[in-house]
Amino acid sequence: YEKRISVQKELLEEEDYTVLRTSYNNLSIDLTDIKSKDYKKIKEYSKIALDLASSDSVYYYHSLHTYAYCLNYVGEYDESYKYYNKSMKYLKASSIDRKEKEILKQNSQSARVLSKFDLQKAIPKLKDAIDKMLKSKYSEEYKDEIKKCKKILKDNKKWPLKKNYI
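Residues numbered from 1 in each chain as written. Predicted model: local features only at pLDDT ≥ 70, side-chain atom pairs only at ≥ 80, totals over all residues. Heavy atoms only, no water.

Undergrad: How should I be thinking about the environment of Lys158 in this particular structure?
TA: Tracing the sequence through the fold places Lys158 in the segment after helix H8 (143-155). Along the backbone, Lys158 and Gln120 are 38 residues apart, and their C-alpha atoms lie at a distance of 9.8 Å. If near-sequence neighbours (up to four positions away) are discounted, Lys158 is found in contact with Gln120, Ile123, Lys127 and Leu153. (Helix = DSSP H or I, 4+ residues; strand = E, 2+ residues; numbered from the N terminus. Contact = heavy atoms within 4.5 Å.)

Undergrad: Help me understand the pattern of salt bridges, please; the structure alone is not making it clear to me.
TA: Between side chains of opposite charge, pairing is possible as soon as their charged atoms come close. In this structure the tally under the stated criterion is 12 salt bridges. With a closest N to O distance of 3.1 Å, Lys132 and Asp128 form a salt bridge. Note that Lys132 and Asp128 are positioned in helix H7 (residues 119-135) at a spacing of 4 residues, about one turn of the helix. Salt bridges sharing common partners tie together Arg98, Glu102 and Lys105. (Salt bridge = Lys/Arg side-chain N within 4 Å of Asp/Glu carboxyl O.)

Undergrad: Quick question: what am I supposed to make of the packing of aromatic side chains here?
TA: Ring pairs (aromatic) are described by centroid distance and by the angle formed between their planes. A complete count under the given rule lists 6 aromatic pairs for this structure. Relative to Tyr61, the ring of Tyr59 lies with its centre 6.3 Å away and its plane at 45°, an arrangement referred to as tilted. The cationic tip of Lys47 hangs over the ring face of Tyr67; the distance from NZ or CZ to the ring centre is 5.9 Å. Sitting above the plane of the Tyr83 ring, Lys86 keeps its charged end 4.4 Å from the centroid. (Phe/Tyr/Trp six-rings, centres within 6.5 Å; stacked < 30°, edge-to-face > 60°. Lys NZ or Arg CZ within 6 Å of the ring centre and 35° of its normal.)

Written as structure tokens, this is what we have:
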């Protein structure tokens with residue numbers, strides 16, 4: 001991606017750089033997928049993608065979400081949580097088809113990030129995220145998300161031992 005982006009930049013006028021948003025976005029996600037330790041690049045590329053995104057776009061929430069995800073990956077949990085919240089604001093205001101599904105996922109992800117720096121505030125959010133995912137038509141799809149939330153609660157001895165959660 002890096003080489004492709006540099007070639008694209010050479011071919012574009014500066015005012016047309018916004019088309020590179022997706023490339024920077026994908027590059028930052030790919031770096032997290034391969035477990036890169038180059039935190040500076042991950043943060044830089046995801047920030048560039050966010051800066052190139054238009055807040056008027058229906059998918060602006062996605063750019064905010066990617067930045068939040070990358071901040072979490074590099075260990076900047078407070079900032080990550082703030083950007084998850086910003087993303088959620090734009091997501092809830094959007095008219096995308098998969099809105100309910102995305103909200104469920106982001107609720108879970110933001111609660112997990114919050115647990116890394118404020119466990120007490122995260123506990124009810126984790127429980128709520130689990131409950132909503134289990135009750136949704138996407139519960140099968142979100143097995144891993146549910147498992148991750150449950151693990152945080154179990155590891156901190158905050159898991160309710162109710163049958164409907166097991």
